[in-house]
Amino acid sequence: MPLLTRPDLRSAAVGLWPLAALTGAVLLLAFAGVLPRWPGLVHAVALPPADLYTDLRVLLARSHSEPEFLAALLVVLTVRVVVLCLLTGGLTWGRVRFAVLFYLVVGVPLTLAAQMAFMAQSLLYSRLFWAAMSLLVLVWFGTASLPWQGQTRLRSAFREAWRNGLRISVLLPYAVALLLLGAVADLRPGWSLALVPVSALLTGAAVLALRRPPRGRPVLRLGAAAVACAVAATVFVTTRGGEGYGPQAPARPGSLLLMSGINSSSGSGAIFETEVERLGYTCEQTYYFSYAGEGDGQPRGVASCPIRTGAPYHPPDTQRPLAEQVEIFAEQVRDLPRPLVVAGHSLAVWVAWQAVAEGKAPEVDVLLLVGPFPQSPLGYPPAGERGEARVAGALLRLVVPLAERVDFAFEPDAPVARELLATPDGASTALAKPLPPQVRALSVTSATDLPLMPDGWRLPVDRNVCPQRVAHPYLPIRPVYYHEVNRFLTGQPPLECPAWRNWGAKLSRPFALPPHTSVNDRR
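Residues numbered from 1 in each chain as written. Predicted model: local features only at pLDDT ≥ 70, side-chain atom pairs only at ≥ 80, totals over all residues. Heavy atoms only, no water.

A. Layout of the pattern of salt bridges. For the structure on display, the rule yields 14 salt bridges. Between D55 and R80 there is a salt bridge, with the nearest N and O atoms lying 2.8 Å from each other. On the criterion of sequence distance, the pair formed by D55 in helix α3 (residues 50–62) and R80 in helix α4 (residues 66–87) is long-range, its members being 25 residues apart. Like D55, the residue R80 is buried in the burial classification. (Salt bridge = Lys/Arg side-chain N within 4 Å of Asp/Glu carboxyl O. Helix = DSSP H or I, 4+ residues; strand = E, 2+ residues; numbered from the N terminus. Buried < 20%, exposed > 50% of the residue type's maximum accessible area, 1.4 Å probe, protein only.)

Listed below in structure tokens is the structure:
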């Protein structure tokens, strides 16, 4: 960032008093319990439009009704407009009009990003979270320099910002510093309040730098930054090979039961594609769970082996009450050859765990928990009822019909959805009872799911292997999964886990929505 002389610095710092006043207000509201104390609190004094994104996250997570949401949004927009005007030169009609239009224009995609983040956290669907983060990055880097171009017309400011390379030489180091600050807040949640003034100091330094004209060749710097990001992304994607399949698995006795997750159907779901021979089993030893109950067989679909048992099932069958699913599971494992290994993906983790923990499936010897979620800290009230996240829940119900067009048939008020997802801590309640000591269990987590686990990813099982650089849906069919499972079944130690494997979660988790009040208070 360009340096200022001492007199200039003193004069410029005096002009930052609106930011100081905003910081004080944020601290008071957090002390009073009006604002949640979570790692994202440090973004309440961030450089616009990240500040508005923080407001939207809090309002979506905590508003009890639509009027409450709209009234609070009007208040925070007024505050944001006034502060931005004062930081950019004073309260004039031209600046007020610019600030209002600026926040309205960026507010549309930021509302979408906040809602996507809410859906990701409430439905435990990490793909939506990363889509929300990508949208936030694009909007912020594309618009954060606009208010500092000395223009009172949004279109003119946009053209000037591009000529100035979007001030990437200021925004990029500021963004890195903000990411690191959020990571510290995530590591030490109790420091969130103390880190708000630090965040304000970073923002103040960025404001002072943005007020000065750019130096050198700003467009060239923007191009260089874009190339560097593209190279880094390419390296990240092309190095996800993992440790491979490992040695050939020995032939194993007993049987293997494979369980798919929510919204799956007979023969449709990644775990059906499991290459069972890589785990030491034959098709004669392999069985597939049916959410519809016992039967004489199901359509094979993409399954590696014929599906000889269970009744054909469809996505709605996966959304019935958890207690029913537990009973169905107990029925289907009763006569399977032992030792019995059960591999459950996603929703199936909760079903199998509860059945085994409650003693309803004593036939199970080993549990392979694939893509488990230890908690569900963000819920939504039933349709038409008041409660935290009512507005976000209503928006969720509006979006769900659109999701059906891409073959995602999810009912947000289905019994299992209300038990495990819509109810805060529903998931952790399902995993609360310990497994019997004679049952061995392995947990395999996707690194992309880690931002949705504010309390950590480890379960009380025999082994939690290193989070895998594999998307949640494909965990049970990637080489490293077979490698880790075989090492567990043969008593070998797990593969080495790099210390950086969960860094992405620590950097991104502060951009999630604050957890439900009752969940947050217990931490």
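Okay, back to it.
B. Seen up close, the state of the cysteines. Tallied over the entire structure, the rule returns 2 disulfides. Shown here is the disulfide that connects C283 with C305, its sulfur atoms set 2.1 Å apart. Measuring handedness by torsion sign, the sulfur bridge of C283 and C305 sits at about -75° and is left-handed. Of this pair, C283 sits in the loop between β1 (255–259) and β2 (286–288) while C305 sits in the loop between β2 and α11 (322–333), and the two are 22 residues apart along the sequence. With a relative accessible area of 0%, C305 lands in the buried category. In this model C466 forms its disulfide with C497; the gap between the sulfur atoms is 2.2 Å. Every disulfide takes its handedness from the sign of the S-S torsion; for C466 and C497 that torsion is 60°, giving right-handed. Residue C466 is located in the loop between β6 (463–464) and α16 (479–489), and its partner C497 is located in the loop between α16 and α17 (503–508); the two are separated by 31 residues in the primary sequence. (Disulfide = S-S within 2.5 Å.)

C. Main features of the nonpolar core. In terms of nonpolar packing, the biggest core is built from 165 residues, with L257, F329, W350 and L367 touching the most fellow members. At 14 residues, the largest contribution of residues to this core is made by helix α5 (residues 93–123). Not counting residues up to four positions away in its chain, the partners in contact with L257 are Y287, Y288, F289, F329, V333, L336, L340, V341, V342 and A343. (Core = buried A, V, L, I, M, F, W, Y, C linked by side-chain atoms within 4.5 Å. Contact = heavy atoms within 4.5 Å.)

D. Here's a closer look at a nonpolar patch on the surface. Together, L172, V176 and L180 make up a nonpolar patch on the protein surface, roughly 240 Å² of accessible area in all. Mapping V176 onto the fold places it in helix α8 (residues 168–187). (Patch = residues over 30% accessible without salt bridge, like charges linked within 9 Å, V, L, I, M, F, W, Y side chains within 5 Å. Areas by Shrake-Rupley, 256 points an atom, 1.4 Å probe, with all protein chains shown as cover.)

By themselves, these observations are geometric and do not establish any function.
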